[in-house]
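What follows is each chain in one-letter form.
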Amino acid sequence: MTQSLTIARPDDWHLHLRDGAMMQAVLPETARHFARGIIMPNLVPPVVTGDQAAAYRERILAALPEGMQFDPLMVLYLTENTDPEDVAAAHASGLVKAVKLYPAGATTNSASGVQNFDNVRPVLEKMAEIGLPLCVHGEVTDAEIDIFDREAVFIDRVLDPIRQATPGLKVVMEHITTSNGVDYVKANDKDLGATITTHHLIINRNHILVGGIKPHYYCLPVAKREEHRLALRAAATSGDARYFLGTDSAPHTDPLKENSCGCAGCFTATNTMSLLAHVFEEENALQNLEGFASKNGPAFYGLPVNSDTLTLTKSSTATQFPEKIESQDGPVTVFDPGFPVFWTAT
Ligand code: DOR
Ligand code: ZN
């Protein structure tokens, strides 16, 4: 028996495309199913200015295979030297859809991120004035804070003070991983949204550590306890428009993941939509998948819902996904959910 579900074409509200050979390899994996993506700016060097974002957007469009459509929504990387007027101009031209806040040292290529939040106040105030959202990597970086507590501590010590001090600032809590993140969004309904990744709906910290260390399940923020995964699943599948899909699909080659100091990132672009159909079906919430993947994000960003569609089909044989995507930099392992999935996306 086949079952099928057609939804407005989804968007990915948090995506790492990288650059060069890696981008060439991974971009089709996203463009096959997604119409738009919020493109993370943590390149080396980072995408800091409007000019750099415009050049990066051109490189993305040039890497798009013939016949594929994809609209990269550009993001500026916030540093303590970011010029509010450059941000405002990049927004006014329609190029830039968000600014990304990485606390310095929080994750991959975040060294140029923010150390002293007072130094970015003028940019945040300008963003509140012009209605440009701030995407936040919500983890403190203090050495004495346990890695599993860093999101909850960030909410109390950094995020809430920033929001209180900057009325009207639209904030996306990126890739929330805890019930604390879910609850903070629930308690603050104005100007606040959160993205949730596919992999955080599927794995908890045991998947990373039990029975041997699994580098392909290591990402940041790191997956937490099962109770947190369940809170994320409840939020994502609830139909609440403040939660939307941001895959954080983050390719690293296998040698960089399978390493004594492995990189953080799960690569989910290839199978995300099938995995989400599986998760939403398990939660008896297939009717809310379109909201999560295709409608809530555009509503938050003030953009139209895509007019074309994606069809998810369930069959009785398990879908075969490639184990790896080959790039000229090396192979990238596709996220393995650890269970058979019967949904395909076309
Ligand atoms: O797991 C992650 N990978 N988390 C991030 O915040 C960054 C990303 C990357 O760029 O590899
Ligand atoms: Zn990310």
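Our subject is the structure that appears above.
Worth saying up front: this structure is predicted, and the values here are computed from it rather than measured. (Residues numbered from 1 in each chain as written. Chains lettered and ligands numbered in written order. Predicted model: local features only at pLDDT ≥ 70, side-chain atom pairs only at ≥ 80, totals over all residues. Heavy atoms only, no water.)

(A) Broad picture of the overall build of the protein. Scanning the protein from N- to C-terminus turns up eleven helices and 13 strands. For 346 residues, the compact-globule formula gives about 20 Å, and the C-alpha radius of gyration of the protein, at 19 Å, lands near that figure. Once the C-alpha set of the protein is aligned to its principal axes, its extents read approximately 55 × 45 × 40 Å. Every one of the 346 residues in the protein was classed for burial, and the buried ones make up 57%. Sequence separation of at least 24 residues holds for 74% of the intrachain contacts in the protein that already meet a minimum separation of 6. Approximately 13700 Å² of the protein is accessible, and the part contributed by carbon and sulfur atoms is 50%. Taken together, the 27 basic and 42 acidic charged side chains of the protein have centroids lying 3 Å from each other. (Helix = DSSP H or I, 4+ residues; strand = E, 2+ residues; numbered from the N terminus. Rg over C-alpha atoms; globule rule 2.2 N^0.38 Å. Buried < 20%, exposed > 50% of the residue type's maximum accessible area, 1.4 Å probe, protein only. Contact = heavy atoms within 4.5 Å. Areas by Shrake-Rupley, 256 points an atom, 1.4 Å probe, with all protein chains shown as cover. Lys, Arg positive; Asp, Glu negative; His and termini not counted. Charge placed at Lys NZ, Arg CZ, Asp CG, Glu CD.)

(B) Looking closely at the site of ligand 1. Near ligand 1, the surroundings consist of 13 residues, among which R18, N42, L220, H252 and A264 are the closest. At a separation of 2.8 Å, an oxygen atom of ligand 1 approaches a polar side-chain atom of R18. Contact with the protein chains covers 100% of the free accessible surface of ligand 1, which is 290 Å². Of the residues that constitute the shell around ligand 1, the class distribution is four nonpolar, seven polar and two charged. (Near = heavy atom within 4 Å. Polar contact = N/O pair within 3.5 Å; in protein donor to acceptor, adjacent residues only side chain to side chain. Nonpolar A, V, L, I, M, F, W, Y, C, P; charged D, E, K, R; others polar.)

(C) Broad picture of the coordination of the zinc ion (ligand 2). Protein ligation of the zinc ion (ligand 2) involves H14 (NE2), H16 (NE2) and D248 (OD), the donor distances falling in the range 2.0 to 2.1 Å. Expressed as a motif, the donor residue spacing for the zinc ion (ligand 2) is H-x1-H-x231-D. In this pair, H14 sits in strand β2 (residues 12-15) while D248 sits in the loop between β9 (243-245) and α9 (254-257), placing the two residues 234 residues apart along the sequence. D248 carries the same exposure label as H14, and that label is buried. (Donors = N, O, S within 2.8 Å, 3.2 Å for Na, K, Ca; no water.)

(D) Geometry of the pattern of salt bridges. Applying the stated criterion across every chain, the model contains 17 salt bridges. In this structure, the salt-bridge partner of E125 is R121, at a minimum N-O distance of 3.0 Å. Of the two residues, E125 and R121 are both situated in helix α4 (residues 121-130); the distance of four residues between them amounts to about one turn of the helix. Note that R233 and E283 form a salt bridge whose closest N and O atoms lie 2.6 Å from each other. A residue pair is termed long-range when its members are at least 10 positions apart, and R233 in helix α8 (residues 226-237) and E283 in the loop between α10 (272-282) and α11 (289-301) qualify at 50 residues. The class of E283 is partly exposed, set by a relative accessible area of 33%. A single salt-bridge network, built from bridges that share partners, covers E85, K126 and E129. (Salt bridge = Lys/Arg side-chain N within 4 Å of Asp/Glu carboxyl O.)

(E) Main features of the sheet that holds strand β6 (residues 134-136). As summarised here, the arrangement of the eight strands in space is β2-β3-β4-β5-β6-β7-β8-β9, forming an open sheet in which the pairing is parallel. Two strands in the sheet have a free side with no partner beyond their single neighbour: β2 and β9. For this sheet the average axis-to-axis angle between neighbouring strands, irrespective of direction, equals 30 degrees. Where strand β8 (residues 192-196) and β9 come together, three bridges link them in parallel fashion. When the sheet's bridge partners are listed, A194 is paired in β9 with Y243. Relative to the sheet, helix α5 (residues 150-165) contacts β5 (96-101), β6, β7 (171-173) and β8, its axis offset from that of β7 by approximately 165 degrees. (Pairing = 2+ DSSP bridges. Axes fitted to C-alpha atoms, helices over the stretch in contact; angles between N-to-C directions.)

(F) Summary view of the packing of aromatic side chains. Scanning the entire structure with this criterion turns up eight aromatic pairs. On the numbers, 4.8 Å between centres and 15 degrees between planes, the contact of W13 with Y301 is stacked. Of this pair, W13 sits in strand β2 while Y301 sits in helix α11; the two residues are 288 residues apart in sequence, bridging distant segments of the chain. Just as W13 is buried, Y301 falls in that class too. With a centroid separation of 5.6 Å and 40 degrees between ring planes, the pair formed by F280 and F292 is classed as tilted. With F280 in helix α10 and F292 in helix α11, the pair connects residues that are twelve residues apart, well separated along the chain. Both residues of the pair, F280 and F292, belong to the buried class. Three or more aromatic residues joined by ring pairs form one cluster here, namely W13, F244, F300 and Y301. If you follow K170 out to its NZ or CZ, it ends over the ring of F300, 4.7 Å from the centre. Residue placement shows R205 over the ring face of F148; its charged tip is 4.5 Å from the ring centre. (Phe/Tyr/Trp six-rings, centres within 6.5 Å; stacked < 30°, edge-to-face > 60°. Lys NZ or Arg CZ within 6 Å of the ring centre and 35° of its normal.)

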